[in-house]
Amino acid sequence: MDTLRWLSKYFKKYSILLIITIILTFGYVAFNYVHPIIIGKIVDLIQNMVETASFQIDKNQLLIYSAVILGAIIGKEACFYIKGCINEHISQNIVMQIRCELFARLEALDCRFFEKNKTGDILSRLTSDIDSVKAVLTGTVPQIVQSLSFFVIGFGIVISVSPILAIALFAVSPLVAYFAIVLGKKLKPTFIGQREAISELNSVAQENIDGNKVVKAYAREEFETEKFQKSNENYYNKHMHFVYTWVKYYPRLTFSVNLTNVVFILVGGYLTLTGHATVGQYATVNGILWCIVSPMQLLGTLLNQIQQASASTIKLRKLYDATPDIRNHKVLKRDTAIEGKITFKNVTFSYEKDRVLKSINFTANPGDTVAIIGPTGSGKSSIVNLISRFYDPREGTVYIDDINIKNIDLNTVRKSVAIAMQDIFLFSDTIANNIAYGIPTATREDIIKVAKDADAHEFISKLPDGYDTIVGERGVGLSGGQRQRISLARALLKNPSILILDDTTSAVDMETEFSIQQTLENNYKNKTTIIIAHRISSVKNADLILVMNGGHLIEWGNHNQLLNQNGYYKHVYDSQFGDFTNTGTIDVDYPNFNSFKMGGTK
Ligand SMILES: Nc1ncnc2c1ncn2[C@@H]1O[C@H](COP(=O)(O)OP(=O)(O)O)[C@@H](O)[C@H]1O
Ligand SMILES: [Mg+2]
């Protein structure tokens, strides 16, 4: 019922069309009842003839009856056709609207949601769960309306024939209702189980498609097949649980429904034999009995469908009602240019329980270049995640231009901060469109300019279709360094106030990295730039260097200051100094922290 209530808000827009379909359904049902009524009339006519022994047939009367039945058949089919068209129009539009709304909601959710929910599970909500709601809209709801109409009109006819018979037949209905409710209750958990199992199955399959290279590289095909088989068996068991529940409880419902026939033979027969009803009336009720009984019997199937859809709507509504943690609070700054001052004040942050940033403090002035170095897992990417406001700190505050980042319009933040991420994602589209992702209106000249700055122009020009080469899924393969440079060009094109490069040049050779840095220093001077890197050569010209370890900011300052501190930075410098080809792993001891590794890429 919850499902219907939830769907009802979508029906509002179509109220006039809905009233028309309800009228058409009533018409369809009424036309169906013409036949048994006429049969009853004819039976009475024949009985009359037998009783009066006058075998004169009123030909006109027969013609009228035939014409009425013909008219009823035509009317019935016309109603069926028109209401079918309107039903489809309404339900398909509602499904389309739900799918669109759901996708828009999904887009608005933040990183935490996508970390907590598996892709396969989200996908199955957008596909199979919506399909099951669609089945209710196109099948169940119209059927409920039609069954109710059959029941109500049928009962009206029985009452007009014999109120006593109507009461007797109706007496069975509490029993039917009881078994229908029991059936519904027993079925609901079986449907929820099935939906969860299918989501699980989708997730396993989806993960394997994404990670097929890893599976092959480690020869784990058999293990993965077994894992899939387990999910498959789980789904089978959940489905069989439903089947057993259905075959156990459905016959109870049909038994109670069929008691109606017994009551009819008993009460209807008695009334006719004692002269309280005519034979024709008996024939009419006999003809429509099925129309009253079948909606009751159908109740089980309809409830079954609604329960199935309700398991789906529960999942859809969870997605619907999920609110992003990251959203606009009290907006103080909107649509005004951001200058690029960044301040972290006692910032502590955790994704789950463990704190990954511990009381971080630093300030970067507009136009500064800030470099962050430190071992893998030390919290470098987490710092930039907070500047892009993918997450909010647990304690402390991140300020941009001296305003709490939470009070700046989220859109303004995202427009002003460009990040070339460590995990690069390219859409299955042309290189030009991938670069212009943030600025779809960019001209080809703009795109080429940033590609040149990112040292990507040369290799792009050599590709078969140049900037129109399709990359990403099913596109041409690109090396890690090439992907990094496309991602850098994408960030540069946004012309942001704050430019973040998270390990963006780790996979390009030293020489290219050096040339890219020169270009950035010359052409993007006025931007606050944050560079996460592993090579001292990449960070030594920065205005401020932050050294991270285990979530702590352990050293900060410029290159010379840090060398003078003679700490961790100096240690790494000594290991790498002058050796541009040394990208190996260097073990470094730091007095206040455990021994940790430096170098390599995450
Ligand atoms: N999305 C996430 N969910 C949970 N833990 C995370 C997530 N991203 C990073 N971490 C953890 O946070 C810590 C810091 O990670 P990160 O900032 O990515 O380090 P770095 O960029 O220095 O390699 C690591 O221990 C890492 O495992
Ligand atoms: Mg990182």
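(A) Geometry of the sheet that holds strand S9 (residues 544-549). The strand order S6-S7-S8-S3-S9-S10 describes an open sheet built from six strands, whose pairing is mixed. Sheet topology places strand S6 (417-420) and strand S10 (552-557) at the edges, where each strand pairs with a single neighbour. Across this sheet, the average inter-strand angle for adjacent strands is 15°, counted without regard to direction. Judged from the five bridges that link them, S9 and S10 form a sheet pairing that is antiparallel. What sits directly across from Leu546, in S10, is Trp556.

(B) Region of interest: the coordination of the magnesium ion (ligand 2). All of the protein donors around the magnesium ion (ligand 2) are Ser381 (OG) and Gln422 (OE1); their distances to the metal are 2.0 to 2.3 Å. A residue pair is termed long-range when its members are at least 10 positions apart, and Ser381 in helix H11 (residues 380-387) and Gln422 in the loop between S6 and helix H13 (431-435) qualify at 41 residues.

(C) The side chain of Thr397, seen in detail. Along the chain, Thr397 turns up in strand S4 (residues 395-400). The contact partners of Thr397, leaving out residues within four places of it in the chain, are Thr343, Phe344, Lys345, Val347 and Asn404.

(D) Region of the structure containing the site of ligand 1. In the neighbourhood of ligand 1, 13 residues make up the surrounding shell, with Glu115, Gly377, Lys380, Ser381 and Ser382 lying closest. Note that an oxygen atom of ligand 1 is positioned 2.7 Å from one of the backbone N or O atoms of Gly377. A distance of 2.9 Å separates an oxygen atom of ligand 1 from a polar atom in the side chain of Lys380. Contact with the protein chains covers 69% of the free accessible surface of ligand 1, which is 550 Å².

(E) Up close: the packing of helix H3 (residues 59-108) against helix H5 (residues 119-161). Where H3 contacts H5, the two axes come as close as 10 Å, and the packing angle between them is 155°. With respect to each other, H3 and H5 are oriented roughly antiparallel. In this structure, H3 meets H5 at a crossing whose hand is right-handed. Contact residues: H3 offers Lys83, Asn87, Glu88, Ser91, Gln92, Ile94, Val95, Ile98, Arg99, Leu102, Phe103 and Leu106, while H5 offers Ile122, Leu126, Ile130, Asp131, Val133, Lys134, Leu137, Thr138, Pro142 and Gln146. In the contact of H3 with H5, the residues fall into 12 nonpolar, five polar and five charged.

(F) Representation of the environment of Ile536 in the model. Of note, Ile536 is situated in helix H18 (residues 536-539). C-alpha separation for the pair Ile536 and Ser575, spaced 39 residues apart in sequence, amounts to 9.7 Å. What Ile536 contacts, discounting residues up to four positions off in sequence, is Ile373, His559, Tyr569, Val572, Tyr573 and Gln576.

(G) Representation of helix H6 (residues 163-170) in the model. When H6 is considered as a whole, its buried residues turn out to be Leu165, Ala166, Ala168 and Leu169. Each buried residue of H6 lies within a common arc of 165° when the element is viewed along its axis, so the set occupies one face. Looking at H6, the residues exposed on the side facing more than 90 degrees away from the buried face are Ile164 and Ile167. Residues of H6 that are buried sit in contact with H5, helix H7 (173-210), helix H9 (221-273) and helix H10 (279-321).

Thresholds applied
Residues numbered from 1 in each chain as written. Chains lettered and ligands numbered in written order. Predicted model: local features only at pLDDT ≥ 70, side-chain atom pairs only at ≥ 80, totals over all residues. Heavy atoms only, no water. Pairing = 2+ DSSP bridges. Helix = DSSP H or I, 4+ residues; strand = E, 2+ residues; numbered from the N terminus. Axes fitted to C-alpha atoms, helices over the stretch in contact; angles between N-to-C directions. Donors = N, O, S within 2.8 Å, 3.2 Å for Na, K, Ca; no water. Contact = heavy atoms within 4.5 Å. Near = heavy atom within 4 Å. Polar contact = N/O pair within 3.5 Å; in protein donor to acceptor, adjacent residues only side chain to side chain. Areas by Shrake-Rupley, 256 points an atom, 1.4 Å probe, with all protein chains shown as cover. Parallel < 35°, antiparallel > 145°, perpendicular 65-115°, else oblique. Left-handed = near helix turned anticlockwise from the far one by under 90°. Nonpolar A, V, L, I, M, F, W, Y, C, P; charged D, E, K, R; others polar. Buried < 20%, exposed > 50% of the residue type's maximum accessible area, 1.4 Å probe, protein only. Arc of directions from axis to C-beta.

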